[in-house]
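Each chain, written out:
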Amino acid sequence: MAAPVAAGAAVLAVRTVHGDPRYLEGDRRPQAGPVPAPGRTLGAAVLCVVLVAAGAPVLGAALPQLVPPRIALNVDVLNRWQDPDTPRLGPVMIDDDVSVRRSLLEQSDTEVLRFTTTAEDPSYLRLRTLNRFDGETFHAGDGEEPDLVSSFSDARDDGRAVSGGTGDLEETDVEVMSLGGDRSPMPENVREVSSPSPALERALTLRPVDGEAALEFVPEGLTGQQYTVLSEPRSSTPERLRAVTPAAASVPFDTGYTDRAEVPQVAADLAERLVQDAGAENGFDAAVAFQDYFRTAFAYSLTVNTPPGEDPLESFLEDRIGYCEQFASTFALMMTAQGYPARVVIGFTAGDADGDERTVSARNAHAWPEVWFGPEQGWVQFEPTPAAANNGVRTPEVTDLSASEEDVETPEATPDTPTADEESASSEGGTTEEQSGASTEEDETAEQGPSPQTVQRIEWGTVSVLGLGALLAGAAAAVVLVIRRRRIRSREERWAALGGGAGSVARETAGAESPLRRAGAARPVRRATAPSPRSRPSGRAAPPASWPGRS
């Protein structure tokens, strides 16, 4: 605002108030000369400047503001700065701090691992569990595992499910392609790990509470290693999770996890407001409300940075744009403020299908939150990162409330001995209901978030609209310049025609008899100039005055 106001004041002072005669001499246009009352004009200009400067902040706050984005948008598509020809940097490294963004920016196309699984819905792959917040970021603490009671989500190596059998276990065969560090990627709820490499089996240790697979020294390194994991699918339901109270889930607070008193006030206030808006009466409904809020009202970007001197958390919540670590950390803090212990996990999403295998690249590096719902349910995963991350993020099945509610069938009264016609009708009705249920599940899956194709269309549409707007603005500016130039030329010609200039009009009329010359031929000259005495011939009188035009 200051620059346009200052420029306008400078033009006013130079062109109007300070009319330099050296530049304005002979210019009869009204705006060219000094104004009759320069003091009054200057006072009016100063008053206008003051009114604009004082009214802009007030009017700006009163005008309608931009609505928060309702579609998950990846801002990086608009300002892609990476060089696709950059050479690969070697094995992907993710340390015990939240460094997923660095991995995504540096090596997004590096293949990390391949795996096959019997699970219908493969889980994320865990590397690190971060359970302590130092006021700025989550970290893994001092390296020692918290002393927490045994729970369903603990990693075990006994080969048995919590229910006591082995028939429900899912098998995942992993082959590491390019990964460094001292952790092996693991699915959730591990029950057994085995490897054809004796050195890897000796070096691998499961950490029950964290769910991590820690590695000691492996002579040949982690790249190229193969191992098999047996894991147990989760059986939690929304009804069971809703029944867990903060008092029943408070045990981790006594073992070193982030406490409610350590949560920044801005996160606690936002959590309370969202709980009230959603009418959530339990921790599970509050977590779903937080998840929906971030996935629908925020944009995704890896290149966003906190302005100097500002708080990262406050900047993230105000700008509503960020990357997965910010979404996961803020979600965990908000759940902690509601009395439910939470932590952040870093690792990989389930990758992309490649025939019977799934391939995971550094592009699938991710961070997500987990919330403690007591020993029977353990740590439950949530997903606040918008779908625009386009790295395999998906909403956990347990949080799909509509699907869970439709799974509950309403009992209907049926006859004791149905006839053959009734059985046929019932069979047809059952088939129709099954088809309807399948269609409903597909619709619900589609409603979880925009597909990658939809996100790509939105991104290209945004770029196209911006480009078209720039072209229209340039064309409009060119038209304005042409019109203005024509008006200036027309005005100059009119002034010249009225006698104010001697330019092209004077040249066009050169050689023609002017009106004054024609008028002079019709009237006598009242005063004649006698020739100089030196020019008179001697002895001759001066000739009488003659009429102009006569010989």
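Here goes a summary of the coordinates provided. Predicted, not measured: the structure shown is a model, and the values here were computed from it.

Basis of the calculations
Residues numbered from 1 in each chain as written. Predicted model: local features only at pLDDT ≥ 70, side-chain atom pairs only at ≥ 80, totals over all residues. Heavy atoms only, no water. Helix = DSSP H or I, 4+ residues; strand = E, 2+ residues; numbered from the N terminus. Buried < 20%, exposed > 50% of the residue type's maximum accessible area, 1.4 Å probe, protein only. Contact = heavy atoms within 4.5 Å. Areas by Shrake-Rupley, 256 points an atom, 1.4 Å probe, with all protein chains shown as cover. Axes fitted to C-alpha atoms, helices over the stretch in contact; angles between N-to-C directions. Parallel < 35°, antiparallel > 145°, perpendicular 65-115°, else oblique. Nonpolar A, V, L, I, M, F, W, Y, C, P; charged D, E, K, R; others polar. Left-handed = near helix turned anticlockwise from the far one by under 90°. Phe/Tyr/Trp six-rings, centres within 6.5 Å; stacked < 30°, edge-to-face > 60°. Lys NZ or Arg CZ within 6 Å of the ring centre and 35° of its normal. Core = buried A, V, L, I, M, F, W, Y, C linked by side-chain atoms within 4.5 Å. Polar contact = N/O pair within 3.5 Å; in protein donor to acceptor, adjacent residues only side chain to side chain. Expected span 1.5 Å × (residues − 1). Patch = residues over 30% accessible without salt bridge, like charges linked within 9 Å, V, L, I, M, F, W, Y side chains within 5 Å. Salt bridge = Lys/Arg side-chain N within 4 Å of Asp/Glu carboxyl O.

With that out of the way, let us pick up the overall build of the protein chain. Counting secondary structure elements, the protein chain contains 16 helices and 16 strands. Here the protein chain holds 551 residues, and the buried ones make up 36% of them. Restricting the contact set of the protein chain to residue pairs at least 6 apart, pairs at least 24 apart contribute 73%. Accessible surface computed for the protein chain: about 32,600 Å², of which carbon and sulfur atoms make up 54%.

Let us look at the packing of helix H7 (residues 265-278) against helix H10 (residues 324-337). Running from N to C, H7 and H10 point in directions that differ by 70 degrees, and their axes come no closer than 8 Å. Between H7 and H10, the angle falls in the class roughly perpendicular. Contacts between H7 and H10 involve Ala 267, Ala 268, Leu 270, Ala 271 and Leu 274 from the first element and Leu 333, Met 334 and Ala 337 from the second. Its residues assigned to classes, the contact of H7 with H10 comprises eight nonpolar, no polar and no charged.

Attention shifts here to the packing of helix H8 (residues 283-297) against H10. Relative orientation of the contacting elements H8 and H10 amounts to 150 degrees, with a least axis distance of 11 Å. Considering their axes alone, H8 and H10 lie roughly antiparallel with respect to each other. Once H8 is placed against H10, the crossing between them reads as right-handed. Residues Gly 283, Ala 286, Ala 287, Phe 290, Gln 291 and Phe 294 of H8 form the contact with H10, whose own contacting residues are Phe 327, Thr 330, Phe 331, Met 334 and Met 335.

Enumeration according to the criterion identifies 17 aromatic pairs in this entry. Seen from their ring centres, Phe 133 and Phe 138 are 5.2 Å apart, and the 50 degrees between their planes marks the pair as tilted. Across the pair, Phe 138 and Phe 133 agree in class, each one buried. An angle of 50 degrees between the planes, with centres 6.3 Å apart, marks the rings of Phe 284 and Phe 382 as tilted. Of this pair, Phe 284 sits in helix H8 while Phe 382 sits in the loop between strand S16 (379-381) and helix H12 (401-407), placing them 98 residues apart in sequence. Summarising the burial analysis for this pair, Phe 284 and Phe 382 share the class buried. The structure contains a cluster of three or more aromatic residues connected by ring pairs, namely Phe 284, Phe 290, Phe 331, Tyr 340, Phe 373 and Phe 382. In this structure, Arg 343 packs its charged tip against the face of Trp 379, placed 4.1 Å from the ring centre.

It is worth spelling out the nonpolar core at this point. Across soluble globular proteins, nonpolar side chains show a tendency to be buried alongside one another. Residues Phe 290, Phe 294 and Phe 373 are the most contacted members of the largest nonpolar core, which totals 62 residues. Broken down by element, the residue count for this core peaks at nine residues, all from H10. Ignoring any residue separated from it by four or fewer positions in sequence, one finds Phe 373 in contact with Leu 241, Val 244, Gly 283, Phe 284, Tyr 340, Gly 378, Val 380 and Phe 382. In terms of nonpolar packing, the next biggest core, distinct from the first, is built from 26 residues, Val 174, Ala 203, Val 218 and Leu 222 among them.

Attention shifts here to helix H9 (residues 312-319). Among the residues making up H9, those that are buried are Leu 313, Ser 315, Phe 316 and Leu 317. For H9, the elements touching its buried residues are H7, H8, strand S11 (321-322) and H10. Sitting at the amino-terminal end of H9 is Asp 311, which places a side-chain oxygen 3.1 Å from the backbone nitrogen of Leu 313. One or two positions beyond H9, positive phi appears at Arg 320, with a value near 60 degrees.

Looking now at H8. A rise of 1.5 Å per residue sets the reference length of H8, with its 15 residues, at 21 Å; its end C-alpha atoms lie 21 Å apart and thus fit the reference within 8%. Buried residues dominate H8, accounting for 12 of its 15 residues. Among the residues of H8, those classed as buried are Gly 283, Phe 284, Ala 286, Ala 287, Val 288, Ala 289, Phe 290, Gln 291, Tyr 293, Phe 294, Arg 295 and Ala 297. Two to three positions downstream of the cap, the backbone nitrogen of Phe 284 sits 3.2 Å from a side-chain oxygen, assigning the N-cap of H8 to Asn 282.

Bringing a nonpolar patch on the surface into the picture now. Side chains of Leu 42, Val 46 and Val 50 sit close together on the surface and give an oily, nonpolar patch of about 240 Å² of accessible area. Along the polypeptide, Val 50 turns up in helix H3 (residues 38-62).

By themselves these figures say nothing about function.
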